[in-house]
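Results of the structural survey
Each chain, letter by letter, is given below.
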Amino acid sequence: MRDCGNGVGRAPLLSFGSSPDTPKGGDNVSLWVAYDLPAPAITGGTATYSFSLNGIPFAPSVDDLCTQTPCPKEPGLYNETSSSIFPSGVSGKIVSQIAWRDPDDTLIWCVENTWRV
């Protein structure tokens, strides 16, 4: 995994990762992101989920941030976790990205994961 915000997001990333390292179809894949949110609090924004397979991008999905995590988020330390079932019948290079932005469209944080399956 890597910080796709290149360290310029509002909330410095403390750690992030996923498990298992090399998922197979049907595996429950967990993702965690720990970050330090400075003032001011986050009262809304967007969560964008991007995905590509073998270099071919799929249309990203953009959700209201507060449907993905409780809002408002007061300044402090956070550890966000999520999990999903890895799709079956997929092979090649998979790149997934999650980017959070505040209501002013300022990047909060961004993480990217690459799997070769």
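Values in this document were obtained by computation on a predicted structure and should not be read as measured data. (Residues numbered from 1 in each chain as written. Predicted model: local features only at pLDDT ≥ 70, side-chain atom pairs only at ≥ 80, totals over all residues. Heavy atoms only, no water.)

**A word on the sheet that holds strand β4 (residues 46-53)**
The test is simple: Only strands that DSSP links by at least two bridges are regarded as paired with each other. The helix and strand labels rest on DSSP assignments: H or I over at least four residues marks a helix, E over at least two residues marks a strand, and numbering proceeds from the N terminus.
Read across the sheet, 5 strands follow the order β1-β8-β7-β4-β5 without closing on themselves; strand pairing throughout is antiparallel. The open sheet has two edge strands, β1 (2-3) and β5 (56-64), and neither has a second partner. With 2 bridges connecting them, β1 and strand β8 (residues 107-116) associate as antiparallel partners. Considered in β8, the bridge of Asp-3 is made with Val-111.

**Remarks on the pattern of salt bridges**
Short version of the rule: Note on definitions: salt bridges are taken to be side-chain nitrogens of Lys or Arg within 4 Å of carboxyl oxygens of Asp or Glu. For the exposure calls, accessible area comes from a 1.4 Å probe over protein chains only, and a residue counts as buried if that area is under 20% of its type's maximum, exposed if over 50%, partly exposed in between.
Applying the stated criterion to the full structure yields 5 salt bridges. For the salt bridge of Lys-24 with Asp-27, the shortest nitrogen-to-oxygen distance reads 3.8 Å. Of the residues examined, Lys-24 reaches a relative accessible area of 55% and is grouped as exposed. Two residues, Glu-80 and Lys-73, come together in a salt bridge whose shortest N-O distance is 3.1 Å. Classification of Glu-80 as buried rests on a relative accessible area of 16%.

Worth remembering: the numbers are spatial, not functional.
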